[in-house]
There are 2 protein chains.
Amino acid sequence: MTANKNYQATLVAEMYKPGRTVLHDDLALTSAEVSINTLPAGVSLPFIHAHKQNEEIYVVLKGKGLFYIDGEEFGVQEGCVVRIDPAAARSIKADEASELTYVCVQAKAGSLEQHTQGDGLPAEGQPSWQK
Amino acid sequence: MTANKNYQATLVAEMYKPGRTVLHDDLALTSAEVSINTLPAGVSLPFIHAHKQNEEIYVVLKGKGLFYIDGEEFGVQEGCVVRIDPAAARSIKADEASELTYVCVQAKAGSLEQHTQGDGLPAEGQPSWQK
């Protein structure tokens with residue numbers, strides 16, 4: 001798509017096709033890694049893992065699946081959002097009868113100092129729809 | 001849903017209904033703010049804004065719209081992912097004929113030290129599907 005000094009954009013053409021698209025390098029991300037992931041029906045991540053520094057935030061977009069975190073399991077579906085601390089042992093599996101698509105955000109635990117209105121500023125500019 | 005020391009989960013029941021669900025407080029996020037947003041057809045954010053510290057990453061889930069960044073405009077659709085630096089002046093508008101749904105991630109620019117395999121660790125555990 002387009003790139004200049006202050007932004008970069010890309011298109012993940014098939015978000016719901018089995019596979020994993022990591023966006024860190026394509027978008028030169030500096031605050032968080034974002035990936036789009038689709039597990040085929042019945043398939044799980046290949047291993048249980050934890051993290052050194054990073055909190056993970058999962059946004060489930062489509063399908064059904066199971067999260068395993070520290071010995072507990074729970075079902076997920078469209079609209080489920082899950083925060084996982086770095087130390088937690090985790091895995092994910094798509095239901096036997098359904099693919100599972102989710103966005104995974106990975107960012108350094110404790111690094112967020114302010115957000116939303118607290119970090120926003122009014123700025124100058126005039127989009128075409130305000131002319 | 002469920003909460004313990006190492007994770008927290010919630011359900012955004014209607015991701016595609018016009019409105020904005022901010023997840024920072026519900027999930028006790030410490031690394032990034034994540035919100036799920038749906039702009040009604042023809043509606044834009046109410047003002048042009050920039051950020052003090054935070055990079056924003058938008059993942060477009062559904063519909064069509066226009067991004068305005070620093071005087072440039074481009075169309076977005078399902079699968080578009082956009083990184084915007086803190087200083088950029090930005091706004092977003094849904095197409096006249098289409099709602100626009102996106103995930104917005106906000107995290108401190110420059111805070112990510114490592115990601116994906118670089119931050120991952122093997123962990124102990126045994127999900128039901130590996131028994």
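Below or above, wherever it landed, is the structure these notes cover. Since the structure is predicted, the reported quantities are computational estimates derived from the model, not experimental observations.

At the junction of the two partners, chain A supplies 86 residues and chain B supplies 86 residues. Overall, the association of chain A and chain B removes approximately 7500 Å² of surface from exposure, summing both partners, and the carbon and sulfur fraction of that is 55%. Counting the surface chain A buries against chain B, the share from its top three residues, Tyr7, Arg83 and Trp129 of chain A, is 10%. Linking chain A with chain B are 2 salt bridges, by the criterion used here.

Moving on, we get to the relation of the copies chain A and chain B. Rotating chain A by 180° and translating it 0.0 Å along the rotation axis places it on chain B, where the RMSD comes to 0.0 Å. On this basis, the relationship between the two copies can be described by a two-fold rotation axis. In terms of C-alpha distance to the rotation axis, chain A has Ser111 of chain A as its closest residue, with the C-alpha 3.3 Å off the axis. Comparing contact sets, 100% of the residues at the interface of chain A also lie at the interface in chain B, consistent with an isologous, same-surface contact.

Glancing now at the environment of Gly125 of chain A. Position of Gly125 of chain A among the secondary structure elements: in the segment after strand 12 (120–122). In this structure Gly125 of chain A comes out as partly exposed when scored by relative accessible area, which is 36%. Beyond its immediate sequence surroundings of up to four residues, Gly125 of chain A is in contact with Ile48 and Tyr68 of chain B.

Before going further, it helps to examine the pairing of strand 5 (residues 54–63) of chain B. Residues and elements named next belong to chain B. With respect to burial, strand 5 is a largely interior element, 8 of its 10 residues being buried. As defined by bridge partners, strand 5 adjoins strand 10 (residues 100–108) across 9 bridges and the pair is classed as antiparallel. Note that in strand 10 the partner of Lys62 across the bridge is Thr101. Across 4 bridges, strand 5 lies against strand 8 (residues 80–84) in antiparallel orientation. Residue Glu56 lies in a different strand from strand 8, and its bridge partner there is Ile84.

Thresholds, definitions, all that
- Residues numbered from 1 in each chain as written.
- Chains lettered and ligands numbered in written order.
- Predicted model: local features only at pLDDT ≥ 70, side-chain atom pairs only at ≥ 80, totals over all residues.
- Heavy atoms only, no water.
- Contact = heavy atoms within 4.5 Å.
- Buried area = accessible area lost by both parts, 1.4 Å probe.
- Salt bridge = Lys/Arg side-chain N within 4 Å of Asp/Glu carboxyl O.
- Least-squares fit on C-alpha atoms with pLDDT ≥ 70 in both.
- Helix = DSSP H or I, 4+ residues; strand = E, 2+ residues; numbered from the N terminus.
- Buried < 20%, exposed > 50% of the residue type's maximum accessible area, 1.4 Å probe, protein only.
- Pairing = 2+ DSSP bridges.

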